[in-house]
Amino acid sequence: MTSSREWVVTDYAQGYKSLVLRDCEVEAPGPGDIRLRVEAFALNWGDMDLMRGIYSFTFESLPARIGIEAVGIVDAVGDDVEGIELGQRYCTLPYFYFQRGTSADSVIIPARYVTRAPAGLSAVECASIWMAFMTAYYPIASLTGASADRNILVTAGTSTAGNAALNIGRLCGANMLTTTRFEKNEAYLQDSGANHVFASSRDASLADFIDAATDGAGVDIIFDCVAGALMDEYVAKMARDARIYYYGLLGGAFPEQLPLVEMFQANASFHPYSVFNYVQDGPLCREGCDYIHEAFANGTLRANVDRVFAMEDYVAAWDYMRTARDNHGKIVIEN
């Protein structure tokens, strides 16, 4: 392969509507890097926010290639790389990629930010799992140790990371609570691991819902990508020493003010959470990868793909992602 195609964002004001598919050269990997012949890559809300210039990280300049999650075949290895096999399938791990996004036919990536593809999964399935499950793993299973005596609230349970959190929380035996806008999503969320589902189209009070779902004990862990009005309601129902993991912008903006009075009263903490910080830590990264590999090997976690688009239909895929979908799961581009 001597030439490749890449999708680049060109204008923050237009966001993903400014995406352009253009030709580019296939680069040789430098020291510590590998090159993947990309088979499939996935869409993520973080990329959407990044293309609008409102993410917690930013590009150095525009135009810039977008995309944080992909799978492909290793076709070149740079110097000082060990343990990576040419011709084998690897998945990218969540890290901030600056100008080297994955929405292309070929991508250069540091070898430390890939993991072998789980056996028995298609390329599309492999492209769909690592961002969601790694994002959910650390707050739910590692940092605070979900267990049978924990009540965990996951906002926006149909989001891919939220849904992954429900799956992992169920494996840990925790009492899993989640929110959604629509009552029609209840069966899907229960199948994903939710013990209790709050639907804002049906249920009037999140605080009353938490009381009933926890027998008045309150929530120990909140995995929140919404904040805003939801935070205003759930903070009154935090258990002692509760921890809020805030990780996303589905509410439209970062919280302008924290509910300090309620946090003082519950001895609660607010943790601005980015999975990038844990993937960058070698031992923690291996811990998360090992957990996910084992769970997929024994069938306790499964890939969840909603729809697959062709490379040329990338902008249409983002249009679809923004709709109020009846189906849920990852949206994947297949090369």
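To keep things clear, this report deals only with the structure shown in the data block.

Criteria and cut-off values
- Residues numbered from 1 in each chain as written.
- Predicted model: local features only at pLDDT ≥ 70, side-chain atom pairs only at ≥ 80, totals over all residues.
- Heavy atoms only, no water.
- Helix = DSSP H or I, 4+ residues; strand = E, 2+ residues; numbered from the N terminus.
- Rg over C-alpha atoms; globule rule 2.2 N^0.38 Å.
- Buried < 20%, exposed > 50% of the residue type's maximum accessible area, 1.4 Å probe, protein only.
- Arc of directions from axis to C-beta.
- Polar contact = N/O pair within 3.5 Å; in protein donor to acceptor, adjacent residues only side chain to side chain.
- Pairing = 2+ DSSP bridges.
- Contact = heavy atoms within 4.5 Å.
- Axes fitted to C-alpha atoms, helices over the stretch in contact; angles between N-to-C directions.
- Parallel < 35°, antiparallel > 145°, perpendicular 65-115°, else oblique.
- Nonpolar A, V, L, I, M, F, W, Y, C, P; charged D, E, K, R; others polar.
- Disulfide = S-S within 2.5 Å.
- Salt bridge = Lys/Arg side-chain N within 4 Å of Asp/Glu carboxyl O.

1. As for the overall build of the chain
Phase 1 of the analysis: Looking only at helices and strands, the chain has eleven helices and 16 strands in total.
Phase 2 of the analysis: Here the chain has a C-alpha radius of gyration of 20 Å; the compact-globule value for 335 residues is 20 Å, and the two agree.
Phase 3 of the analysis: Seen along its three principal axes, the alpha-carbon backbone of the chain occupies a region of about 65 × 40 × 35 Å.
Phase 4 of the analysis: Taken across its 335 residues, the chain has 55% of its residues classed as buried.

2. Considering helix α6 (residues 206–213)
Since one α-helical turn is 3.6 residues long, residues separated by three or four positions face the same way.
Phase 1 of the analysis: Regarding α6, the residues found buried are Leu206, Ala207, Phe209, Ile210 and Ala213. For α6, the angular spread of the buried residues around the axis is 160°, confining them to a single face. Residues of α6 that are exposed and point more than 90 degrees away from the buried face comprise Asp208 and Ala212.
Phase 2 of the analysis: Two to three positions downstream of the cap, the backbone nitrogen of Ala207 sits 3.4 Å from a side-chain oxygen, assigning the N-cap of α6 to Ser205.
Phase 3 of the analysis: Where α6 terminates, the next one or two residues include Asp215, which has phi positive at roughly 55°.

3. As for the pairing of strand β3 (residues 33–42)
Phase 1 of the analysis: Most of β3 is tucked away, with nine of its ten residues classed as buried.
Phase 2 of the analysis: One ladder, built from seven bridges, connects β3 with strand β5 (residues 70–77); its direction is antiparallel. Note that in β5 the partner of Leu36 across the bridge is Val74.
Phase 3 of the analysis: In terms of strand pairing, β3 meets strand β16 (residues 330–334) through three bridges, oriented antiparallel. If you follow Ala40 over to β16, its bridge partner there is Glu334.

4. Structural notes on the side chain of Arg35
Phase 1 of the analysis: Along the chain, the position of Arg35 falls in strand β3.
Phase 2 of the analysis: Using a relative accessible area of 15% as the deciding quantity, one classes Arg35 as buried.
Phase 3 of the analysis: Here Asp75 takes part through its side chain, which lies 2.8 Å from a polar atom of the side chain of Arg35.
Phase 4 of the analysis: With residues up to four places along the chain from it excluded, the contact list for Arg35 reads Val26, Glu27, Ala28, Pro29, Ile73, Val74, Asp75, Ala76, Ser106, Val107 and Ile108.

5. Thoughts on the sheet that holds strand β1 (residues 3–9)
Phase 1 of the analysis: Read across the open sheet, the three strands follow the order β2-β1-β4; overall the sheet is antiparallel. The open sheet is flanked by β2 (20–25) and β4 (64–65), the only strands paired with a single partner.
Phase 2 of the analysis: Here two bridges tie β1 to β4, and the two strands are oriented antiparallel to one another. Counted as the bridge partner of Val9 is Ala64 from β4.

6. Thoughts on the packing of helix α3 (residues 130–143) against helix α10 (residues 282–297)
What describes two packed helices is the angle between their axes and the distance between those same axes.
Phase 1 of the analysis: Contact pair α3 / α10: the axes reach a minimum separation of 10 Å and the direction vectors enclose 110°. Looking at the two axes, α3 sits roughly perpendicular to α10. From α3, Trp130, Phe133, Met134, Tyr137, Tyr138 and Ser142 reach across to α10, where they touch Leu284, Cys285, Glu287, Gly288, Cys289, Tyr291, Ile292, His293 and Phe296.
Phase 2 of the analysis: The residue inventory of the contact of α3 with α10, partitioned by class, reads eleven nonpolar, three polar and one charged.

7. Observations regarding the state of the cysteines
Phase 1 of the analysis: Counted by the stated rule, this structure contains zero disulfides.
Phase 2 of the analysis: This cysteine, Cys91, is not joined by any disulfide, and Cys126 carries the nearest cysteine sulfur, 4.4 Å off.
Phase 3 of the analysis: Summary of cysteine pairing: Cys285 is not part of a disulfide, and the nearest cysteine sulfur, belonging to Cys289, is at 4.2 Å.
Phase 4 of the analysis: Given the relative accessible area of 7%, Cys285 is considered buried.

8. Remarks on the pattern of salt bridges
Phase 1 of the analysis: The full count for this structure, using the stated rule, is 16 salt bridges.
Phase 2 of the analysis: The partner of Glu312 in a salt bridge is Arg5, with the nearest N and O atoms 2.7 Å apart. Of this pair, Glu312 sits in the loop between β15 (305–310) and α11 (314–322) while Arg5 is found in strand β1, placing the two residues 307 residues apart along the sequence.
Phase 3 of the analysis: Judged by its relative accessible area of 25%, Arg5 falls in the partly exposed class.
Phase 4 of the analysis: Asp75 is paired through a salt bridge with Arg35; the nearest N and O atoms lie 2.8 Å apart. In this pair, Asp75 is assigned in strand β5 and Arg35 in strand β3, connecting sequence segments 40 residues apart.
Phase 5 of the analysis: Classification of Asp75 by relative accessible area gives partly exposed; the value is 29%.

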